[in-house]
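# Notes for the structure review
Residue-level listing of the chains:
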Amino acid sequence: MPQILDGNRVRDDIMNELKPRVAALAARVRPPGLAVVLAGHDPASEIYVRNKVGACQDLGIRSETLTPPDSISTEELLGMIAQLNARPEVDGILVQLPLPPQVEAKRVVAAVAPAKDVDGLHPCNIGNLVAGLPGPRACTPAGILELLKRYGIRMAGKRAVVVGRSDIVGKPVAFLLLHEHATVTMCHSKTADLAAVCREADILVAAIGRAAMITGEYLAPGVTVIDVGMNRIDNRDEVARIFRNSPRKLAAFDKRGSVLVGDVDPFDVAERAGAYSPVPGGVGPLTIAMLMANTVSSAERRAGAC
Ligand code: NDP
């Protein structure tokens, strides 16, 4: 039986470790402060932000959510970010993506003060990551590393294959694995014979956004699989195909109208992998935990510097 890499358990451990650090800051200086900018009304973003604010409440982090309208311009958002950069009680600034289409997202992300960039997406912090210098790391990749480390998965000397090269997941996780001395291959939509490359992996990270694309032929026996994909399937036939007519999944679909599926075939991975992170309950819960960790670290650094 493969080992399940339980993201909920690791999330709880990380949150419990953060509580005394938040309490110490609150007693010595003030509670850490996170500002979230949620522009417009993207339903998925609204849920993510609600969960982030809830996690702040659980820990005693002071949070505020700014909700500019869909019609906001790049210049107006830059002004808002400048104000947050200047406020001493704001330790972290999170710009919830995607931004409305008329906004130049890269300019907005780059306007956040690097010391307050708790998403780890500012070009300075990407540079810090590549150079192996301290700085906030992107939350989902940082969560993946926590999952691997806390389950004692050896990375040094291992072959790691990352499928997906996004700025948010694929690229940063590849560098984090490299810094742990894995031999890393990055793959993408133009990679030739992807299945053969994936079969070379001791550790396979799938961050693609295609439901159950990674099937048995991509998986060497005993591989550790990290499934980052979060794909909502709203077609019953597709759910039946992916989950082999599982009555439980079909009942869940009939109740909610959709089912969440990772990028990895859930049956094939359970059959072939040595360890894997399930969807849901794997990588997903760790993203918010690492956002909290980045916010607390930022507050500690800034309190030390004051
Ligand atoms: P992007 O769409 O930004 O990137 C997807 C990557 O997958 C691209 O590099 C693309 O290649 C590659 N790709 C697409 N199709 C194929 C293919 N057929 N073969 C090989 N590579 C392919 O996605 P993200 O990185 O933002 O997200 C990936 C997944 O992770 C999504 O399901 C997303 O929902 C999930 N996610 C989950 C998070 C969590 O907290 N658990 C957080 C963030 C994302 P190319 O560059 O050539 O186009």
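Here we summarise the structure given alongside this text. (Residues numbered from 1 in each chain as written. Predicted model: local features only at pLDDT ≥ 70, side-chain atom pairs only at ≥ 80, totals over all residues. Heavy atoms only, no water.)

Each strand in a sheet pairs with another by means of backbone hydrogen bonds, the pair being arranged parallel or else antiparallel. Here we have six strands laid out as an open sheet, ordered β1-β11-β8-β7-β5-β6, and parallel in their pairing. Either end of the sheet is taken by a strand with one partner, and the two such strands are β1 (3–4) and β6 (183–187). Bridge analysis of strand β8 (residues 224–227) against strand β11 (residues 275–277) gives three bridges, and the strand direction is parallel. Across the sheet, residue Ile-226 finds its bridge partner in β11, namely Ser-277. In this fold helix α6 (residues 139–150) packs onto β7 (203–206), β8 and β11, with an angle of close to 150° to the strand it touches most, β8. Together, β5 (159–163), β6 and β7 form the strand contacts of helix α7 (residues 170–179), whose direction differs from that of β6 by roughly 170°. (Pairing = 2+ DSSP bridges. Helix = DSSP H or I, 4+ residues; strand = E, 2+ residues; numbered from the N terminus. Contact = heavy atoms within 4.5 Å. Axes fitted to C-alpha atoms, helices over the stretch in contact; angles between N-to-C directions.)

A few words on the packing of α6 against α7. At a closest axis distance of 8 Å, the pairing of α6 and α7 adopts a crossing angle of 40°. At the point where α6 passes α7, the crossing takes the right-handed sense. Here α6 contributes Pro-141, Ala-142, Ile-144, Leu-145 and Leu-148 to the contact with α7, which in turn contributes Pro-172, Val-173, Leu-176 and Leu-177. Of the residues in the contact of α6 with α7, the class split is nine nonpolar, no polar and no charged. (Left-handed = near helix turned anticlockwise from the far one by under 90°. Nonpolar A, V, L, I, M, F, W, Y, C, P; charged D, E, K, R; others polar.)

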